[in-house]
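One-letter residues, chain by chain:
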Amino acid sequence: MNAILKTVSSGAVFDHPEFHDHENVVFARDAETGLSAIIAVHDTALGPALGGCRMWTYAHPGEALTDALRLSRGMTYKNAVAGLPLGGGKAVILADPKTAKTPALMEAFGRHVARLSGTYITAEDVGVSPADMEAVARQTEHVRGTHATGLGDPSPYTALGVFAGIKAAARHVFGSDDLRGRSVSLQGLGNVGRALARHLHEAGARLIVSDIHAPAVERAVAAYGATAVSPGEAHAVTADIFAPCALGAGLNSKTIPELKARIVAGAANNQLHSPQDGAELAARQILYAPDYVINAGGVISIALAKPGMDDGLVREKTLAIGDTLTEIFSRSGTEGRRPEQIADEMAQERLTQHV
Ligand code: NAD
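Residues numbered from 1 in each chain as written. Predicted model: local features only at pLDDT ≥ 70, side-chain atom pairs only at ≥ 80, totals over all residues. Heavy atoms only, no water.

- As annotated in an unreviewed UniProt entry, the protein carries the name Leucine dehydrogenase and comes from Roseibium aquae.
- The record in UniProt for the protein states the following under Sequence similarities (unreviewed entry): "Belongs to the Glu/Leu/Phe/Val dehydrogenases family." (UniProt positions renumbered as here; feature names shortened; annotations may be inferred.)

See below:
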């Protein structure tokens, strides 16, 4: 526990620019397994704080804290706009998922989740798989995204929702949601990006793909005839749509002036480096699909699925993300405010109505 706090430095939490009255921030340590994690519970007004667990090689603990604070707040807004009876939270484990992940480490994480007595419910995120969640589930019942708790991996539903959101954005910008012949630059071919690539290919889109993991790119090139570009070029290539499906903060003062797409619509959380970046996108007349709205399919699947049920209801609610975005884009046009501002307002309205 103290190792992380010492490096983050005292006073760094309450004064942190991303600290927005989070209800609870836990610095979790397990010396035996080497676990260092941060669990951030942002808001439980609508229900227990549901949000995935990310494992990542952060440059330093301060970066992990920033991620946990931002992601957990995003989950509050995501769950509110998706109409779920859930609050927002998120966990980050400071480790390399390729080398440091063990069942014992995930179980140690599960014991820390158990101590929160259900105020935080965990699930998969970047670097964490359904099998890892099975290990967590050996220590706590407050876990979703396993086959025992519902439909398993939420990523296919996230991809389905992003696909519905891309179609809604295309309808708004191009007057048609027919993706045949439209080009989409996909950044990140992980669990979500891979499934999204398949939907886009089946809809007739031309794919431009990138990932820091070369085999993922090779697979997409072979399966879909996609054009490969380097990860640093993905945002800047000539394409109708840019779909960020890797990590956050990819839309910033360096990348936005280089964008050629008319639409940014992808799965990554926290795509805007700062609120000003949303204004820069709007100034360039690039339509931005707010990240926590378009990528809510996974949390919808986690929240609504019950063991043994089919996925009809989950698919229906996930596809409705397209309708929510259509409303946001249309209000944005008539009210003269940016899509992410309308989305924030929708979330805040729901939170206030509840209080
Ligand atoms: P993942 O770890 O399976 O995939 C991420 C992929 O991005 C990996 O293949 C990785 O190699 C690649 N990548 C990393 N940095 C890159 C870069 N600079 N350029 C190109 N590729 C890069 O994660 P995922 O589950 O597919 O999630 C992708 C994004 O969507 C994340 O931001 C995640 O938070 C968000 N998200 C995921 C879900 C879900 O259901 N999995 C739900 C909501 C949001």
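Things to note about the layout of surface pockets
A water-sized probe, rolled over the atoms, reveals where empty space remains.
Part 1: Approximately 600 Å³ is the volume attributed to the second largest pocket.
Part 2: Lining the second largest pocket we find 26 residues, and of these Arg70, Arg73, Asn270, Tyr292 and Asp344 sit closest to its centre.
Part 3: The set of elements that each furnish at least two residues to the lining of the second largest pocket consists of helix H2 (61–81), helix H9 (291–294) and helix H13 (339–354).
Part 4: Residue contributions to the lining of the second largest pocket peak at seven residues, all from H2. (1 Å grid on protein atoms, 1.4 Å probe; cavity = no way out; pocket = protein on both sides within 12 Å on 5 of 7 lines; lining within 4 Å. Points joined across faces, edges and corners; volume = space filled by probe spheres on them. Helix = DSSP H or I, 4+ residues; strand = E, 2+ residues; numbered from the N terminus.)

Describing the domain arrangement of the protein
Part 1: Assigned domains of the protein: these are domain 1 (2–149) and domain 2 (155–353).
Part 2: Between domain 1 and domain 2, the C-alpha centre-to-centre distance is 24 Å.
Part 3: Buried surface at the junction of domain 1 and domain 2, summed over both partners, amounts to about 2,200 Å²; 68% is from carbon and sulfur atoms.
Part 4: For domain 1, the biggest contributors to the area lost against domain 2 are Tyr77, Lys78 and Val81; these three give 30% of the whole.
Part 5: Between the two partners, domain 1 and domain 2, sit zero salt bridges.
Part 6: Between the two partners, domain 1 and domain 2, sit six residue pairs in polar contact (both at pLDDT 80 or more).
Part 7: At the level of elements, strand S4 (53–56) and H2 are the ones that each hand at least two residues to the side of domain 1 that touches domain 2.
Part 8: Class assignment for the residues of the side of domain 1 that touches domain 2 results in 15 nonpolar, six polar and seven charged. (Domains from an automatic or database assignment. Buried area = accessible area lost by both parts, 1.4 Å probe. Salt bridge = Lys/Arg side-chain N within 4 Å of Asp/Glu carboxyl O. Polar contact = N/O pair within 3.5 Å; in protein donor to acceptor, adjacent residues only side chain to side chain. Nonpolar A, V, L, I, M, F, W, Y, C, P; charged D, E, K, R; others polar.)

Remarks on the site of the ligand
Part 1: With respect to spatial proximity, 24 residues lie near the ligand, and among them Arg54, Thr158, Asp211, Ala246 and Asn269 are the closest.
Part 2: The contact in question runs from an oxygen atom of the ligand to an N or O atom on the side chain of aspartate 125, over 3.2 Å.
Part 3: The contact in question runs from an oxygen atom of the ligand to an N or O atom on the backbone of asparagine 191, over 2.9 Å.
Part 4: Taken by itself the ligand offers 830 Å² of open surface, and the protein chains cover 85% of this.
Part 5: The set of elements that each furnish at least two residues to the shell around the ligand consists of helix H5 (155–174) and helix H6 (191–202).
Part 6: Of the residues assigned to the shell around the ligand, the class counts are 10 nonpolar, 10 polar and four charged. (Near = heavy atom within 4 Å. Areas by Shrake-Rupley, 256 points an atom, 1.4 Å probe, with all protein chains shown as cover.)

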